[in-house]
Amino acid sequence: MSGQQLTVVLVKAGRVKIRYPAAAVADDGDRISVRAPWAAEGVRDFGFVRFEPGDVFVEHFWRTRWYAVKEVWTGDGVLKGWYCDVTRPAVIRSGEIFVEDLDLDLWVSADGSRVLRLDEDEFAASGLAAGDPEAAAQAVRALDALDDQARTPAGLAALLK
């Protein structure tokens, strides 16, 4: 499995938001981990972190969990932190990892000192709570679980062992 080329397909609101190549790192049957370079054009400055050409993402997707955890590294191997997407469980088929983004995100700095809940306003405006209340509840639980784990001494790294 290691090194196998896959394509990550991130869907948001029924449309493909981004599609990018990634190399498989591991697959235990529930969690699949891949490595991919920063896939977007140019620099994306969020204020609390910059994603830029040369950055490397080690991304962890679960078939049974409602989130993905992405380790963000500089090109020279310095951990910037973890960017977590709340998603429906990943579906892997025909060399592709399909993930549906549910708008909620969490950023955790490399030293664990900053834990930021992101895009809660987008989630509220998405209409998911009205259209699919069970999925909305799962999404909120997933964000809360990630936030709680990030604030433990072991941090998010404990999810990736």
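In this report, the structure presented in the accompanying data block is examined. (Residues numbered from 1 in each chain as written. Predicted model: local features only at pLDDT ≥ 70, side-chain atom pairs only at ≥ 80, totals over all residues. Heavy atoms only, no water.)

### Quick notes on the pairing of strand E8 (residues 79-87)
Most of E8 is tucked away: eight of the nine residues are buried. For strand E7 (residues 67-73) and E8, the ladder comprises seven bridges, and the chain directions are antiparallel. Across the sheet, Trp73 pairs through a bridge with Leu79, a residue of E8. Connecting E7 to the next strand, E8, in antiparallel fashion are five residues, including Gly77 with a positive phi near 90°. For E8 and strand E10 (residues 96-109), the ladder comprises six bridges, and the chain directions are antiparallel. What sits directly across from Trp82, in E10, is Val108. (Buried < 20%, exposed > 50% of the residue type's maximum accessible area, 1.4 Å probe, protein only. Helix = DSSP H or I, 4+ residues; strand = E, 2+ residues; numbered from the N terminus. Pairing = 2+ DSSP bridges.)

### Thoughts on helix H3 (residues 133-150)
Taking 1.5 Å of rise per residue, the 18 residues of H3 would be expected to cover 26 Å, and the 26 Å separating its terminal C-alpha atoms lies within 8% of that figure. Of the residues making up H3, those classed as buried are Ala135, Ala136, Ala139, Ala142, Leu143, Leu146, Asp147 and Ala150. Buried residues along H3 cover an arc of 130° about the axis, so they all sit on one side. Turned more than 90 degrees from where H3 packs its buried face, Pro133 and Asp148 sit exposed. Elements that come into contact with the buried residues of H3 comprise E7, E8, E10, strand E11 (115-118), helix H1 (120-125) and helix H2 (128-131). (Expected span 1.5 Å × (residues − 1). Arc of directions from axis to C-beta. Contact = heavy atoms within 4.5 Å.)

### Observations regarding the nonpolar core
Ranked by internal contacts, the top residues of the largest apolar core, which has 24 residues, are Val69, Leu106, Leu146 and Leu156. Taken together, the elements giving at least two residues each to this core come down to E7, E8, E10 and H3. The element contributing the most residues to this core is H3, with seven residues. For Leu106, the contacting residues outside a window of four places in its chain are Trp82, Tyr83, Cys84, Val115, Leu116, Arg117, Leu118, Leu143, Leu146, Asp147 and Ala150. If you look at the next biggest cluster of nonpolar residues, it comprises 14 residues, including Ala22, Val34, Ala68 and Ile97. (Core = buried A, V, L, I, M, F, W, Y, C linked by side-chain atoms within 4.5 Å.)

### Looking at the pattern of salt bridges
Scanning the model with the defined rule gives 17 salt bridges in all. The salt bridge involving Arg151 is made with Asp147; its shortest N-O contact spans 2.4 Å. Accessibility expressed as a relative area gives 5% for Asp147, which makes it buried. When salt bridges with common partners are traced through the structure, they connect Asp45, Arg50, Glu52, Asp55 and Lys80 into a single cluster. (Salt bridge = Lys/Arg side-chain N within 4 Å of Asp/Glu carboxyl O.)

### Some words on the environment of Leu156
With respect to the secondary-structure elements, Leu156 resides in the segment after H3. The buried category is assigned to Leu156, whose relative accessible area is 1%. The sequence separation of Leu156 and Trp82 amounts to 74 residues, and the corresponding C-alpha distance is 7.8 Å. Non-local contacts of Leu156, meaning those with residues more than four positions away in its chain, are made with Trp82, Cys84, Val108, Leu146, Gln149 and Ala150.

### Quick notes on the packing of aromatic side chains
In the structure shown here, the tally under the stated rule is ten aromatic pairs. On the numbers, 5.8 Å between centres and 25° between planes, the contact of Trp38 with Phe57 is stacked. Highlighted residues: Trp38 in the loop between strand E3 (31-37) and strand E4 (44-45) and Phe57 in strand E6 (residues 56-62), separated in sequence by 19 residues. There is no split in this pair, since Trp38 and Phe57 are both buried. Against the face of Phe98 rests Arg93, its NZ or CZ located 4.4 Å from the ring centre. (Phe/Tyr/Trp six-rings, centres within 6.5 Å; stacked < 30°, edge-to-face > 60°. Lys NZ or Arg CZ within 6 Å of the ring centre and 35° of its normal.)

This is a description of form; function is not addressed.
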